[in-house]
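Geometric and topological summary
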Amino acid sequence: MVCSPVAAVTDALLRIEGLSKRFGGIVASDQISLAVPGGELHAIIGPNGAGKTTLLGQLGGEIRPDAGRIEFENVDITGLPGWRRSQLGLARSFQITSLFPDFTVLDNVALAVQAHAGHSFRFWRNARAEKGLREPARAALARLGIAGRADVLVSKLSHGEHRQLEIAMALATEPRMLLLDEPMAGMGPDESARIVEILRELKRELTILLIEHDMEAVFALADRITVLVYGRIIASGTPEAIRANAQVREAYLGEQTSIDA
Amino acid sequence: MRRLLTPAVSSTPSLTALLAPRHVVVAALLAFLALLPVYAELARNPFLVTLFTRVIILALAATSLNLILGYGGMVSFGHAVYLGIGGYAVGIMAFEGIASGFVQWPVAIIACALFALVVGALSLRTRGVYFIMITLAFAQLVYYFGVGLDRYGGDDGLSIRQRSGFAGLLDLTNRTQFYYLCLVLLTAAVYLTWRLVNSRFGMVLQGSRTNDRRMRAIGFPTFRYRLAGFVIAGALCGLAGALLANHTGFISPATMHWTRSGDLIVMVVLGGMASSFGPLLGAVVLLTLEEALPAVIRALATPLFGEVAVRMAEYWQIILGPLFLLVVLFARGGIDGLLAGSRRD
């Protein structure tokens, strides 16, 4: 049962058509077509090696697809570099924490604010004294609940705090859509629950594409779920439909029971 | 001064912070440099002024390299080429009868900026070893171009009989005036770099040193900022080249030999990367050792080995090498890092 959600949604914020990517003999993305309407939290699940991160890399502009097309707000962004996509309002966080370790937490987020506050050919004024950069950055930290760690060097943060900062930085770019790559990876249950709460809050105003292994979180949050196996979409639909889908159970969830939780 | 020396993390000023070893050392060094000509005059040792003029000029070159190497993470292995281009700009114009510094120096700076623009535009698309090799290759290209400049002395170099003229405002033949001019320009360059690295521009430069991929993901077209940094560094080093040519009264391809580029890197790493006064500290230590080590070896070895000690002194770099190695291995922040009492990773 291969769904074709493209036709169903006309006012998609993000639209992917026939996206394909091979690495040598491995097909990482096989004719992926997907449409995410504004306001949706769309989760992508799939076993390891299903090509989830590759898909996100293509959406973020770091990996160039072999074929296919990506549209964001009805603009073809397939050939645009990553920074330009970010400027259009497509923000991404990374699975492997990817921050600026010798900057403070606040510096990190302020940098994300700065990226969207005009050009940076400003050579004289102390950027750390610019209210226009620091205050929105503090606000983003407050939303993620790590405002108290603003002046700590990033290298001193815990893993959970790193993940929160990742999201805060994506948020600070004032995006229209968030691409989140396993924001709960390596987190304890308490921290995960906290991120779920934060995402629930964020989905009210943002469209979110979420890649996540934590099934409990996915089924609690997602409006729709797409299942990716060996680079192909085997199913796409509401959490209920995915839970009931025999092919998904067979291909991916198999003996896993967490889907019924 | 405190703010000049404090890196990323802001802290409240206090007397203990002001009296931290690195601040005391830098303040002492600046005072020493400011008073040096007076002492040299009293001690009747003009050589000191000559030596330290050279130290200051190379510190200026190292400061410019620090902007891209220390703050921007761009390991340019051809930075001495700007000393050469700046120097040749002055030398060639003097040779052709244009003696005004108001013309010579801006031309030196602009020529370097343009050259950096071309090299940067091509090399900054690469990373790591490739970047090092491309910058080196371009520097070697200009080096051999200099060797082939028959009209201007070729391999033997070009004597500059006339110092740059500044319409009577400055007399560069006056050793003391020239020394202070260099010192003022160095101080200005250090201040300029400090402003730069803490500005929005500097944030982008430093951000793309640690994580260029993330910088692009949050929306920065990093290439153009890195290129701008590369051009600024080249232009600043061009000024150092114009000063050096005036200092030695001579310019030859040897000025931009790759080993000179290596010297500049050593100064930056030794003094402390991404530190405002690191390159100055590095230049002072390296060039002082270069002067002092042969003499020390000679003095220590003569009682033991007699005549052979003179030969031994020629191998002073045998001591410099391990010293440098120790700093790289155990003091990642260089001398500045040692003084600050913290290691950087």
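Residues numbered from 1 in each chain as written. Chains lettered and ligands numbered in written order. Predicted model: local features only at pLDDT ≥ 70, side-chain atom pairs only at ≥ 80, totals over all residues.

**A closer look at the nonpolar core**
In summary, soluble globular proteins display a tendency toward joint burial of nonpolar side chains. Membership of the largest hydrophobic core comes to 170 residues, with the highest contact counts inside it found for Val109(A), Ala168(A) and Ala61(B). Considering each element in turn, this core owes the most residues, 15 residues, to helix H10 (residues 222–248) of chain B. When residues are assigned to domains, this core turns out to be shared by domain 1 (5–89 + 175–260) and domain 2 (101–173) of chain A, each giving three or more. Residues contacting Ala61(B), with those up to four places away along its chain left out, are Leu83(B), Cys237(B), Ala240(B) and Leu264(B). (Core = buried A, V, L, I, M, F, W, Y, C linked by C-beta atoms within 7 Å. Buried ≥ 20, exposed ≤ 12 C-beta atoms within 10 Å, placed from the backbone. Helix = DSSP H or I, 4+ residues; strand = E, 2+ residues; numbered from the N terminus. Domains from an automatic or database assignment. Contact = placed C-beta atoms within 7 Å.)

**Description of the interface of chain B and chain A**
In this complex, chain B contributes 24 residues to the contact, which on the side of chain A involves 31 residues. Listed by contribution, the elements that provide at least two residues to the side of chain B that touches chain A are helix H8 (175–198), helix H9 (200–217) and H10 of chain B. Sorting elements by how many residues they give to the side of chain B that touches chain A places H9(B) first, with eleven residues. Grouping the constituent residues of the side of chain B that touches chain A by class yields twelve nonpolar, seven polar and five charged. (Nonpolar A, V, L, I, M, F, W, Y, C, P; charged D, E, K, R; others polar.)

**Looking at the sheet that holds strand S1 (residues 12–23) of chain A**
All names here are of chain A. Spatially, S2-S1-S4-S5 is the arrangement adopted by the four strands of the open sheet, whose pairing is antiparallel. Two strands lie at the open edges of the sheet, namely strand S2 (26–37) and strand S5 (75–76), each paired on one side alone. Of the pairings in the sheet, the one linking S1 to S2 comprises eight bridges and is antiparallel in character. Looking at the pairing, Lys21 lines up with Ser29 of S2. Sheet strands in contact with helix H2 (residues 52–60) are S1, S2 and strand S4 (67–72), and its direction is about 60° off that of S2. (Pairing = 2+ DSSP bridges. Axes fitted to C-alpha atoms, helices over the stretch in contact; angles between N-to-C directions.)

**Brief notes about the packing of helix H4 (residues 105–114) of chain A against helix H6 (residues 159–172) of chain A**
Residue and element names in this part refer to chain A. At a minimum axis separation of 7 Å, H4 and H6 run at an interaxial angle of 30°. Our classification of the angle between H4 and H6 gives roughly parallel. Both H4 and H6 take part in a crossing whose hand is right-handed. Residue-level contacts link Val105, Asn108, Val109, Ala112 and Val113 of H4 to Leu165, Ala168, Met169 and Ala172 of H6. Of the residues that constitute the contact of H4 with H6, the class distribution is eight nonpolar, one polar and no charged. (Parallel < 35°, antiparallel > 145°, perpendicular 65-115°, else oblique. Left-handed = near helix turned anticlockwise from the far one by under 90°.)

**Focus on helix H5 (residues 131–143) of chain A**
All names here are of chain A. Between its first and last C-alpha atoms H5 spans 18 Å; for 13 residues at 1.5 Å apiece the expected length is 18 Å, and the two agree. For H5, the full list of buried residues reads Leu133, Pro136, Ala137, Ala140 and Leu141. In an axial view of H5, the angular spread of the buried residues amounts to 145°, which keeps them on one side of the axis. Turned more than 90 degrees away from the buried face of H5, the exposed residues are Lys131, Gly132 and Glu135. Phi turns positive one or two residues past the end of H5, at Gly145, with a value near 75°. (Expected span 1.5 Å × (residues − 1). Arc of directions from axis to C-beta.)

**Describing the pairing of strand S8 (residues 207–211) of chain A**
Residues and elements named next belong to chain A. Most of S8 is tucked away: five of the five residues are buried. The alternating pattern of S8 places Thr207, Leu209 and Ile211 and Ile208 and Leu210 on opposite faces, both of which are buried. Here strand S3 (residues 41–45) runs beside S8; their pairing, made up of four bridges, is parallel. By the bridge assignment for S8, His42 is matched with Leu209. Note that the unit made of strand S7 (residues 177–181), helix H7 (residues 189–202) and S8 has a crossover that is right-handed. (Right-handed = clockwise from strand over helix to strand, strands pointing away.)

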